[in-house]
There are 2 protein chains.
Amino acid sequence: MDRYTIPPDAFLGDIPVRTPLEPGQVALVGTGPGDPELLTLRALRIIRQAEVVLYDNLVSDEIMALVPAQVERIYVGKERAKHTMRQESINALLSEQARRGRRVVRLKGGDPFVFGRGGEEIETLAADGVNFQVVPGITAALGVSSYAGIPLTHRDYAQACIFVTGHLKDGTCNLDWPALARPRQTVVFYMGLVGLAEICRQLVAHGLPAGTAAAIVQQGTTSSQRTVIGDLSTLPERAQAAGVRAPSLIIVGEVVRLREKLDWYAGARAEG
Amino acid sequence: MDRYTIPPDAFLGDIPVRTPLEPGQVALVGTGPGDPELLTLRALRIIRQAEVVLYDNLVSDEIMALVPAQVERIYVGKERAKHTMRQESINALLSEQARRGRRVVRLKGGDPFVFGRGGEEIETLAADGVNFQVVPGITAALGVSSYAGIPLTHRDYAQACIFVTGHLKDGTCNLDWPALARPRQTVVFYMGLVGLAEICRQLVAHGLPAGTAAAIVQQGTTSSQRTVIGDLSTLPERAQAAGVRAPSLIIVGEVVRLREKLDWYAGARAEG
């Protein structure tokens, strides 16, 4: 083993390491929605073995602080309408670093296989013959709903939950609204803030009652978490009045009403 | 602090503890789909602070081995058609333990808010005036898909993913088939093994092509992971021929085809 191995530690000593990070291998690592305590043990162990880390703006400073000081860091951040590095360049960089025989970690916010383009990044690696592994993470829908006190499923209210991206290209709506506007399911919209009014309007137009409960949560799971509650008719105005900003997550469904009883996270402030 | 506090540890020392487990408080903790390395740091820390742990058969022996030896363990397992302890009794027991001023941990497989009845358990606690917190976990859909090399979303194949329970009561089908049988989404069925043939039949009857790719994964994320691949017309027979047993997860959607390129987990054996 090398200088980046994990220090001897009785705390984790009972858990076998099944997937060590090999030289020339890329680990695609989900880091969760924000709270660094939501990292998995496997993610932390892999990070401690890295020789180079590629990261973007969805990975918090607190998590980057866990990367050992001597590890090279490469910022490949992408922001909406301002792509710092094109996806193709990121993919090529991952391959190049691995081919140099380094232990490469690609950090992603949330889970790499849920709206993270993780599949695309490792498709390139596979095509290039580069060895890789995937570390799942707490996707925003799971983390944010837990910290907001909103169960995604509940026998009385929702038998299903569906995750979609609300990032509407050029103002057009290409979501499958008839599938989203169904009773007894919870719909979670990632990146939906810009389209919030349109999302609420379309769900009602496709059959959901205007009184269907809905929430928008800003910076969920962090100490800055803010939650605005309403329904499909009131949420857009309330979110605007509260000045909600990205990153945020929208949760639509009757389970949102449970928050009144189940809100537990002291870091949170309720509004609206 | 007390004897169950976490030992001094530079490894985790940089991460602040935002949600310590208080006396008289219940922590509802998701432990992920099986691989103990998929525990979150927060889950592990909470477990190390417990005075009593309630668990069921969805929590692996490897994870139970992380509970300090002196902590009381109470088995409240439920198995299909053989409820060891009724839900009401579990809820009452959690309240009772907390009222005695103990630090109580309720371990759940996967994520407590996704088909875990976590919402119901803490509703009772809220009604009883008991303090609680929720620790999200890697739900089976995330963990199993990562280890099976199947991205849940992908720009070319799936803009949405939907999680449902395939546990059909009394052989009847009360799922919202029209919402599930849509193109360009991935559907994950929890507990669907018994109903696999019916699930495939209904999806085709409601409009999905019989050639839609599908997979069933047994004991995903563990060293015993087994994956059977097929489509909606072939998967039931292949799963039966392979002798697939619970716990298992069914993934339906064109993303399943990516596994051929993205399968990375050495612990896995492909069949069918």
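Just so it is clear, the model here is predicted, and its values are computed rather than measured. Counting starts from 1 at the beginning of each chain's written sequence and moves along it residue by residue. The order in which chains are written sets their letters, starting at A; the order in which ligands are written sets their numbers, starting at 1. Side-chain atom pairs in this predicted model are given and counted only at pLDDT of 80 or more, local residue features only at pLDDT of at least 70, and totals for whole chains, interfaces and linings cover all residues. Side-chain descriptors were evaluated using all non-hydrogen atoms of the structure, hydrogens and water having been removed beforehand.

Sorry, what's going on with the overall build of chain A here?
Looking only at helices and strands, chain A features nine helices and 13 strands. In chain A, buried positions account for 60% of the 272 residues. Residue contacts follow a heavy-atom distance rule, with two residues in contact if any of their heavy atoms lie within 4.5 Å. A sequence separation of at least 24 residues applies to 70% of the contacts in chain A between residues at least 6 apart. Where helices and strands are cited, they refer to DSSP runs of H or I of at least four residues and of E of at least two residues respectively, numbered from the N terminus. Relative accessibility decides the category of a residue: with a 1.4 Å probe and only protein chains considered, values under 20% of the type maximum give buried, values over 50% give exposed, and everything between is partly exposed.

It is not clear to me how the domain arrangement of chain A should be interpreted in this structure. Could you clarify?
How big an interface is tends to be stated in terms of accessible area lost as the parts join. Residues and elements named next belong to chain A. The start and end points of each domain follow an automatic or database-based domain assignment. When cut into domains, chain A gives domain 1 (25–138) and domain 2 (141–271). Residue-level contacts link eight residues of domain 1 with 14 residues of domain 2. The quantity reported as buried area is the accessible area (1.4 Å probe) lost by two parts once they are put together, taken as the sum for both. Carbon and sulfur atoms make up 68% of the surface buried where domain 1 meets domain 2, a total of about 850 Å² over both sides. Here a salt bridge means any side-chain nitrogen of Lys or Arg lying within 4 Å of a carboxyl oxygen belonging to Asp or Glu. Joining domain 1 to domain 2, the criterion identifies zero salt bridges. A 3.5 Å cut-off defines polar contacts: any pair of N or O atoms within that distance qualifies, except that in protein one atom must be a possible hydrogen donor and the other a possible acceptor, and neighbouring residues in sequence count only when both atoms are side-chain atoms. Connecting domain 1 to domain 2 are two residue pairs in polar contact (both at pLDDT 80 or more). Any residue that is not Ala, Val, Leu, Ile, Met, Phe, Trp, Tyr, Cys, Pro, Asp, Glu, Lys or Arg is counted as polar, Gly included; the first ten are nonpolar and the last four charged. Residues that form the side of domain 1 that touches domain 2 fall into these classes: five nonpolar, one polar and two charged.

Can you help me understand the sheet that holds strand β7 (residues 131–135) of chain A in this one?
The strands making up a sheet are joined through hydrogen bonds of the backbone, oriented either antiparallel or parallel. Residues and elements named next belong to chain A. The pairing criterion is simple: DSSP has to find at least two bridges between the two strands. With parallel pairing, five strands are arranged side by side in an open sheet as β3-β2-β6-β1-β7. Edge positions in the open sheet fall to β3 (72–75) and β7, since each of these has one partner strand only. For this sheet, the mean inter-axis angle between neighbouring strands, taken without regard to orientation, is 20°. Two elements, strand β1 (residues 25–30) and β7, share five bridges in a ladder whose sense is parallel. In the strand pairing of β7, Gln25 is matched with Asn131. The axes used here are C-alpha line fits, helices contributing only the stretch in contact, and every angle between their N-to-C directions lies in the interval 0 to 180 degrees. Packed onto the sheet, helix α1 (residues 41–49) meets β1, β6 (104–108) and β7 and runs at close to 140° relative to β7. Strands in contact with helix α3 (residues 87–99) are β1, β2 (52–55), β3 and β6; relative to β6, the strand with the most contacts, it is inclined by about 150°.

Would you mind showing me how to read the confidence of the model for chain A here?
Low-pLDDT portions of the prediction should not be read for the details of their coordinates. In predicted models, pLDDT denotes the confidence assigned by the predictor to each residue on a 0 to 100 scale. When pLDDT is averaged across chain A, the result is 89; 88% of the residues are at 70 or more. The low-confidence segment residues 1–10 of chain A, where pLDDT is below 50, has 16 contacts with residues more than four positions distant or belonging to other chains.

Looking at this structure, I do not really get the packing of α3 of chain A against helix α4 (residues 118–127) of chain A. What am I missing?
Pairs of packed helices are described in terms of their axes, by the angle between the two and the distance that separates them. Residues and elements named next belong to chain A. For the pair α3 and α4, interaxial distance at closest approach is 9 Å and the crossing angle is 45°. Put simply, α3 runs oblique to α4. Between α3 and α4 lies a crossing of right-handed hand. Here Gln87, Ile90, Asn91, Leu94 and Ser95 of α3 lie close against α4, whose contacting residues are Glu120, Glu121, Thr124 and Leu125. The residue inventory of the contact of α3 with α4, partitioned by class, reads three nonpolar, four polar and two charged. Any angle that falls under 35 degrees is termed roughly parallel, while one over 145 is termed roughly antiparallel, one within 65 to 115 roughly perpendicular, and all others oblique. We call a crossing left-handed when the near helix sits turned anticlockwise from the far one by less than a right angle, and right-handed when that turn is clockwise.

Any chance you could explain the side chain of Thr19 of chain A here in plain terms?
Positionally, Thr19 of chain A belongs in the segment before β1. Here Arg42 of chain A takes part through its side chain, which lies 2.8 Å from a polar atom of the side chain of Thr19 of chain A. The residues contacting Thr19 of chain A, other than those within four sequence positions of it, are Arg42, Ile46 and Gln133 of chain A together with Glu37, Trp264 and Tyr265 of chain B.

Looking at this structure, I do not really get the interface of chain B and chain A. What am I missing?
Opposite the 73 residues of chain B that make contact, chain A presents 73 residues. A combined buried area of about 6500 Å² lies between chain B and chain A, and 62% of that area is made up of carbon and sulfur atoms. In this assembly, chain B and chain A are joined by ten salt bridges. Of the charged contacts, one joins Glu120 of chain A and Arg155 of chain B as a salt bridge, the two residues approaching to 2.8 Å between their closest N and O atoms. Only α1 (41–49), α4 (118–127), β7 (131–135), α5 (140–148), β8 (160–165), α6 (177–180) and α9 (259–262) of chain B provide two or more residues apiece to the side of chain B that touches chain A.

I keep staring at the relation of the copies chain B and chain A and nothing clicks. Help me out?
What connects the two chain copies is a rotation about an axis and a shift along it. Only residues with pLDDT of at least 70 in both copies count here: their C-alpha atoms drive the least-squares fit that superposes the copies. Rotating chain B by 180° and translating it 0.0 Å along the rotation axis places it on chain A, where the RMSD comes to 0.0 Å. Taken together, the turn and the small shift mark the pair as related by a two-fold rotation axis. An overlap of 100% is found between the interface residues of chain B and their copies at the interface of chain A, pointing to a shared contact surface.

Sorry, what's going on with the nonpolar core here?
Soluble globular proteins tend to bury their nonpolar side chains together. In terms of nonpolar packing, the biggest core is built from 89 residues, with Phe163 and Tyr190 of chain A together with Phe163 of chain B touching the most fellow members. Within this scheme, the nonpolar core is defined by two criteria: the residues are buried Ala, Val, Leu, Ile, Met, Phe, Trp, Tyr or Cys, and they are joined through side-chain atoms within 4.5 Å. Membership of the second largest hydrophobic core comes to 47 residues, among which are Trp177 and Leu196 of chain A together with Ile162 and Cys200 of chain B.

Got a minute to help me understand the pattern of salt bridges in this structure?
Counting across every chain of the model gives 28 salt bridges over all chains. Close ionic contact of Glu37 of chain A with Arg45 of chain B constitutes a salt bridge, the shortest N to O distance being 2.8 Å. In this pair, Glu37 of chain A sits in the loop between β1 and α1 while Arg45 of chain B sits in helix α1, so the two residues belong to two different chains. For the pair Glu37 of chain A and Arg45 of chain B, one class covers both residues: buried. Salt-bridge contacts for Lys261 of chain B lead to Glu123 of chain A; the nearest nitrogen and oxygen are separated by 2.9 Å. Here the residue Lys261 of chain B occupies a position in helix α9, and Glu123 of chain A occupies one in helix α4, the pair thus bridging two chains. A single salt-bridge network, built from bridges that share partners, covers Asp56, Arg106, Lys108 and Glu121 of chain A.

What is the right way to look at helix α7 (residues 196–205) of chain A in this model?
Given 3.6 residues per helical turn, the α-helix brings residues three or four places apart onto the same face. All names here are of chain A. Of all the residues in α7, the buried ones are Leu196, Ile199, Cys200, Gln202 and Leu203. Along the long axis of α7, the arc covered by the buried residues comes to 165°, so they all point the same way. Next to the buried residues of α7 lie α6 (177–180), β9 (185–190), β10 (213–218), α8 (235–242) and β12 (248–252). Of the residues one or two after α7, Gly207 is the one with positive phi, at around 120°. Of all possible arcs, the one meant is that of the directions from the helix axis to the C-beta atoms.

Hey, could you run me through the sheet that holds strand β3 (residues 72–75) of chain B in this one?
Residues and elements named next belong to chain B. Taken in spatial order, the five strands make up an open sheet running β3-β2-β6-β1-β7, and their pairing is parallel. Strand pairing shows two members of the sheet lacking a second neighbour, β3 and β7, which therefore form its edges. For this sheet, the mean inter-axis angle between neighbouring strands, taken without regard to orientation, is 20°. Along the sheet, α1 contacts β1 (25–30), β6 (104–108) and β7; its crossing angle with β7, the most-contacted strand, is approximately 140°.

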